[in-house]
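Residues per chain, in single letters:
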Amino acid sequence: MKTKRISDALEKALNDQMTREAFQAQVYLSYASWAEVNGFPGISEFLYGHMNEEREHMFKILKYINDRGGSTKIEAIKAPPENPKNIEDCLKKILKHEIDNSEQIDKIVNLAHKEKDWATFSFAQWFVQEQIEEETLINGVIDKYSLATKKGEGNLNLYEMDKDLAKAPQEAVIPRDEEI
Ligand code: FEO
């Protein structure tokens, strides 16, 4: 049995976060299934993929608590919310879930800092970075959705152009660079 190297308060906070990550996975699962049956296979794949990420987050926290000599408590997960009304609603709700989750991570960081538990503080930094990436990713999807659906001439073309630019080389080949 390992020596306990984490406070009861942080052990509880991390256990709660573990359950929250499991809930996030359920939300993605339910929205992914909704998108699939409503004819959006691409968005559905994206959401199924994210469901797996959330499960990995849950497992990462479980391992950390156990490694620090704490104990994990697997709790019931509440049901995901109602299906979204449409894709825009779906994306906005996902962003809101991610922002709420980031705020919960911040609370763990604050508590670890207050307790001077630098191991947990350092562990939680991974989640801080992950949340930055996730919020950025979802914001990017929302931007693309807006570009593709806004009324007005040429927006679908703009969307396609944006997709092309993402894959475009950063340097143009000019004649003098080419082998003669
Ligand atoms: Fe694990 Fe998207 O938060």
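The structure this text deals with has already been given above.
This report concerns the structure included in the present document. All values reported here derive from a predicted model rather than from experimental measurement. (Residues numbered from 1 in each chain as written. Predicted model: local features only at pLDDT ≥ 70, side-chain atom pairs only at ≥ 80, totals over all residues. Heavy atoms only, no water.)

## Topic: the pattern of salt bridges
Note the threshold: Any carboxyl oxygen of Asp or Glu that lies within 4 Å of a side-chain nitrogen of Lys or Arg is treated as forming a salt bridge with it. The helix count covers DSSP runs of H or I at least four residues long, the strand count covers runs of E at least two residues long, and both are numbered beginning at the N terminus. Burial classification: accessible surface area is computed with a 1.4 Å probe over protein chains only, and a residue below 20% of its type maximum counts as buried, one above 50% as exposed, and the rest as partly exposed.
Under the criterion given, the structure shown has 8 salt bridges. A salt bridge links Asp67 to Lys2, with the shortest nitrogen-to-oxygen separation between them at 3.7 Å. Taken together, the residues Asp67 in helix H2 (residues 41-67) and Lys2 in the segment before helix H1 (8-37) connect sequence positions 65 residues apart. When its relative accessible area of 45% is taken as the criterion, Asp67 is described as partly exposed. The shortest N-O distance in the salt bridge between Glu11 and Lys4 comes to 3.2 Å. When its relative accessible area of 13% is taken as the criterion, Glu11 is described as buried. Among the charged side chains, a network of salt bridges with common partners joins Lys4, Asp8 and Glu11.

## Things to note about unusual backbone geometry
Phi angles above zero are rare outside glycine, and Lys116 is one such case at about 55 degrees. Tracing the backbone shows Lys116 in the loop between helix H3 (87-115) and helix H4 (118-149). Note on Lys116: relative accessible area 59%, which makes it exposed.

## Describing the nonpolar core
One broad trend across soluble globular proteins is that nonpolar side chains are buried collectively. To keep it simple, the criterion reads: To qualify as a nonpolar core, a set must consist of buried Ala, Val, Leu, Ile, Met, Phe, Trp, Tyr and Cys residues joined through side-chain atoms within 4.5 Å. Two residues qualify as a contact provided that any one of their heavy atoms is within 4.5 Å of a heavy atom in the partner residue.
Tyr28, Tyr31, Leu47, Cys90, Ile94 and Ile138 are the most contacted members of the largest nonpolar core, which has 17 residues in total. For this core, the secondary structure elements donating two or more residues are H1, H2, H3 and H4. Residues contacting Tyr28, with those up to four places away along its chain left out, are Leu47, His50, Met51, Glu54, Ile94, Glu98 and Ile138. Counting 16 residues, the second-largest nonpolar core is a separate cluster that includes Leu10, Ile61, Ile105 and Ala124.

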